[in-house]
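The lines below spell out each chain.
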Amino acid sequence: MATLMMILLLVMFSAVVILIWAKIKGKPIPTLVIVMLIFMGICFAGVIGFINKGEDYQAYQTLNWQPLEPQKIADYVAQGNIVLVDITADWCVPCQTNKANVLHREQVVNTLNQRHIILMQGNWTRADTVIEQYMGLQAVAGTPYNKVYGPAYPNGIELPKALIIDDLYHALSLANPNGA
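Note that the structure is a prediction, hence the values are computed from the model and not measured.

Visitor: How should the sheet that holds strand S4 (residues 145-150) be read in this particular structure?
Guide: Strand pairing in a sheet takes place through backbone hydrogen bonds and is either antiparallel or parallel in direction. Read from one edge to the other, the open sheet built from 5 strands follows the order S1-S3-S2-S4-S5, with strand pairing classed as mixed. Of all the strands in the sheet, just strand S1 (65-67) and strand S5 (153-158) have a single pairing partner and so form its edges. Averaged over all pairs of adjacent strands, the angle between strand axes in this sheet comes to 30 degrees, irrespective of strand direction. Contacts from helix H4 (residues 93-103) reach strand S2 (82-88), strand S3 (117-123) and S4, with the element oriented near 140 degrees to S2.

Here it is as structure tokens:
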């Protein structure tokens, strides 16, 4: 796909050069045509730049999410682990945005796949009493909800609803300052 787009971009660039040359030679080429081709070339270049970031967009499939089991969090933390809780739902647009922008990014996946990080996920697409009780204890009512627990923060660090990578990394480092 990226190769095809590169070829298309090269063809567009060549067309613009030929049209500019023809216009200089006196051919009646509308300036708007040249401007539109340049604009389209810039758009294609942006798409190519996005596609060629070199990131593995399937890396998230290696994450080992366990079902949410709040009673196990304290034990994991006592053993020196970090626990990331993610409460999500299929219908939750901000949840899907957090996945695309943070949780499914290759660099984040590589961090979360460390042995001492336990991933727990509650999918609230359907009613679930475990999730409802956990959310009630957290005094929050909706998704998305993310919290990081660790030896330095056994009660957890609640993350913002709109996640960014830096917020997650900061919480992970605070939760276990001696090795996260």
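Next comes the rest of the write-up.
Visitor: What is the right way to look at the state of the cysteines in this model?
Guide: In a disulfide, the sulfur atoms of two cysteines are covalently bonded to one another. Scanning the model with the defined rule gives 1 disulfide in all. A sulfur-sulfur separation of 2.3 Å characterises the disulfide bridge that pairs Cys-92 with Cys-95. Disulfide Cys-92-Cys-95: the torsion about the S-S bond is 80 degrees, which places it as right-handed. The buried category is assigned to Cys-95, whose relative accessible area is 3%.

Visitor: I keep staring at the pairing of S3 and nothing clicks. Help me out?
Guide: Each regular strand shows side chains that alternate between the opposite faces of the sheet. The buried count for S3 comes to 5 of 7 residues, which makes it a mostly enclosed element. Pairing of S1 with S3 involves 3 bridges; the strand directions are parallel. Along S3, the bridge assignment pairs Pro-67 with Gln-121. Pairing between S2 and S3: 7 bridges, direction parallel. Directly across from Val-83, in S3, lies its bridge partner Ile-118.

Visitor: Quick question: what am I supposed to make of the nonpolar core here?
Guide: Leu-84, Leu-112, Val-148 and Leu-168 are the most contacted members of the largest nonpolar core, which totals 20 residues. Elements supplying a minimum of two residues to this core: S2, H4, helix H5 (106-112), S3 and helix H7 (165-175). Top element by residues in this core is H7. It accounts for 5 residues. Discounting residues that sit within four places of it in the chain, Val-148 has contacts with Ile-82, Val-83, Leu-84, Tyr-153, Gly-156, Ile-157, Leu-159, Leu-168, Ala-171, Leu-172 and Ala-175. Residues Ile-73, Val-77, Cys-92 and Ile-118 belong to the second largest nonpolar core, which totals 18 residues.

Conventions and cut-offs
- Residues numbered from 1 in each chain as written.
- Predicted model: local features only at pLDDT ≥ 70, side-chain atom pairs only at ≥ 80, totals over all residues.
- Heavy atoms only, no water.
- Pairing = 2+ DSSP bridges.
- Helix = DSSP H or I, 4+ residues; strand = E, 2+ residues; numbered from the N terminus.
- Axes fitted to C-alpha atoms, helices over the stretch in contact; angles between N-to-C directions.
- Contact = heavy atoms within 4.5 Å.
- Disulfide = S-S within 2.5 Å.
- Buried < 20%, exposed > 50% of the residue type's maximum accessible area, 1.4 Å probe, protein only.
- Core = buried A, V, L, I, M, F, W, Y, C linked by side-chain atoms within 4.5 Å.

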